[in-house]
Amino acid sequence: MKFTKMQGAGNDYVYVNCFQEEVRNPEKVSKFVSDRHFGIGADGLILIRPSQRADFEMAMYNADGSQGEMCGNAIRCVAKYVYDHGMTDQTQISVDTLAGIKYLNLTLEQGTVSQVKVNMGAPCLKTSEIPVIADAQQAVNVPLEAGGKIYHMTAVSMGNPHCVLFFEEDVRTLDLEKLGPQFENHSRFPKRINTEFVNVIDERTLRMRVWERGSGETLACGTGSCAAAVAAMLNGKCETEVTVHLTGGDLKISWEGNDASVYMTGPAVTVFDGEISLPQEMQ
C-alpha cells in the first residue's frame with residue numbers, strides 16, 4: 001500500500017489515495033499503520049476518495065480503528081495532498097466528511113500548499129445532538145464530576161463531540177494519561193468525547209492540550225481548537241478571533257457567534273512518502 005505521512009500542527013496521519021489504492025479493512029489498517037513501533041506511527045488513517053457531492057471525500061479512522069466524523073488538521077492536509085499531487089488545480093475546494101461538506105481555501109508558496117483556511121461550519125450547542133446527557137438544551141459552564149473532582153465544562157460539537165474545560169493552573173503540567181480517559185469514557189457522553197484542557201492567556205490567545213477520543217493525547221486537534229475557541233467566547237473569555245497554542249503549533253480560529261461558521265487557519269505539511277506491506281488479513 002502506497003501512502004503519504006502528513007501532519008498539521010503535529011497531528012499526524014497516514015494518507016492513502018483511494019483513487020489509486022483500495023483499502024479493504026480500514027479499521028484494522030488504521031490500527032496497524034498507527035502503531036509507532038510495528039507500523040508507520042500516526043494518530044490514525046485518512047482515506048482520500050472520490051465524492052459524488054463534493055470535489056473529494058475524506059474518511060477518517062482513529063488510532064484504535066474507530067471511525068471519526070471529522071478532523072480539522074487532517075482535512076487541511078487532504079487539501080495539500082490533492083493540490084500538490086495534481087488532483088486539482090483549484091485553490092478553493094470542497095471535501096465531503098461524515099460531518100458534512102467542508103469548504104477550504106488554499107494558500108500557496110512556491111507552487112505548493114503551505115496554509116489552509118477551512119470553513120468548519122456552525123458549532124452545534126444542543127446537548128441532545130452533541131450528544132451529552134444534561135438537563136438543559138445547552139451545556140455552558142456546567143458542573144461535571146470526574147475522578148472525584150468537580151469541573152465545569154462547555155460542550156460543543158464541531159461535527160464531532162467536545163468537552164471544553166478551563167483551568168487556572170498551567171495545562172502543560174496536567175497528567176492527561178490519567179485525566180483523559182475519565183472524560184472520554186464518562187457516562188454523560190454516550191458516544192465518548194474529545195476533551196480540551198484550556199488556559200486563557202488573554203482575550204486573543206488560548207493554550208490547549210487535547211485528549212482525543214480513540215487516539216489519546218495528540219499534539220493538536222483542529223475541531224478541538226474550534227470548540228475551545230467557541231467555548232471561550234460563549235463564556236466571555238475571549239474575542240471573536242483567537243490564536244490557539246497547541247503542543248504541535250498554532251491555529252487561528254474565528255467565530256462571529258450564533259449560527260455563523262467557525263473558520264480555522266493553519267499549516268499542512270508532508271512528512272514523507274512510502275510503501276508498506278499489509279498483513280495478509282488486511283489485503
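Please refer to the structure placed before this passage.
Residues numbered from 1 in each chain as written. Predicted model: local features only at pLDDT ≥ 70, side-chain atom pairs only at ≥ 80, totals over all residues. Heavy atoms only, no water.

1. Looking at the pairing of strand β3 (residues 44–49)
In terms of residue burial, β3 counts as a mostly covered element, since 5 of its 6 residues are buried. As paired elements, strand β2 (residues 11–17) and β3 share 4 bridges and run parallel to each other. If you follow Val-16 over to β3, its bridge partner there is Leu-47. Of the strand pairs in this sheet, β3 and strand β4 (residues 56–62) are connected by 6 bridges, and their pairing is antiparallel. Considered in β4, the bridge of Gly-44 is made with Asn-62. Hairpin remark: β3 followed by β4, antiparallel, with 6 residues in the connecting loop. (Buried < 20%, exposed > 50% of the residue type's maximum accessible area, 1.4 Å probe, protein only. Helix = DSSP H or I, 4+ residues; strand = E, 2+ residues; numbered from the N terminus. Pairing = 2+ DSSP bridges.)

2. As for the layout of surface pockets
Considering only enclosed or pocket space, the largest pocket measures out at about 260 Å³ in volume. Listed by contribution, the elements that provide at least two residues to the lining of the largest pocket are β10 (149–157), β11 (161–166) and β12 (194–202). Top element by residues in the lining of the largest pocket is β10. It accounts for 5 residues. Here the lining of the largest pocket is composed, by residue class, of 7 nonpolar, 5 polar and 4 charged. (1 Å grid on protein atoms, 1.4 Å probe; cavity = no way out; pocket = protein on both sides within 12 Å on 5 of 7 lines; lining within 4 Å. Points joined across faces, edges and corners; volume = space filled by probe spheres on them. Nonpolar A, V, L, I, M, F, W, Y, C, P; charged D, E, K, R; others polar.)

3. Focus: the environment of Ser-157
Along the chain, the position of Ser-157 falls in strand β10. Overall, the relative accessible area of 7% leaves Ser-157 in the buried class. The spatial distance from the C-alpha of Ser-157 to the C-alpha of Thr-223 is 8.5 Å, given a sequence separation of 66 residues. Other than its neighbours up to four places away in sequence, Ser-157 contacts Pro-123, Cys-124 and Ile-130. (Contact = heavy atoms within 4.5 Å.)

4. Points about the nonpolar core
One finds Tyr-15, Leu-104 and Ile-253 to be the most contacted residues of the largest nonpolar core, which totals 55 residues. When sequence neighbours within four positions are dropped, the list of residues in contact with Tyr-15 reads Phe-3, Thr-4, Met-6, Ile-46, Ile-48, Asn-73, Ala-74, Cys-77 and Val-78. Membership of the second largest hydrophobic core comes to 20 residues, among which are Tyr-151, Met-153, Leu-165 and Phe-183. (Core = buried A, V, L, I, M, F, W, Y, C linked by side-chain atoms within 4.5 Å.)

5. Here's the deal with the pattern of salt bridges
Per the stated rule, a full pass over the model turns up 14 salt bridges. Glu-57 serves as the salt-bridge partner of Arg-49, at 3.5 Å between the closest nitrogen and oxygen. Here Arg-49 falls in the partly exposed class, since its relative accessible area comes to 25%. Judged by relative accessible area, Glu-57 falls into the partly exposed class, the value being 23%. Each of Lys-5, Asp-12, Arg-36 and Asp-43 takes part in salt bridges that share partners, so that together they form one network. (Salt bridge = Lys/Arg side-chain N within 4 Å of Asp/Glu carboxyl O.)

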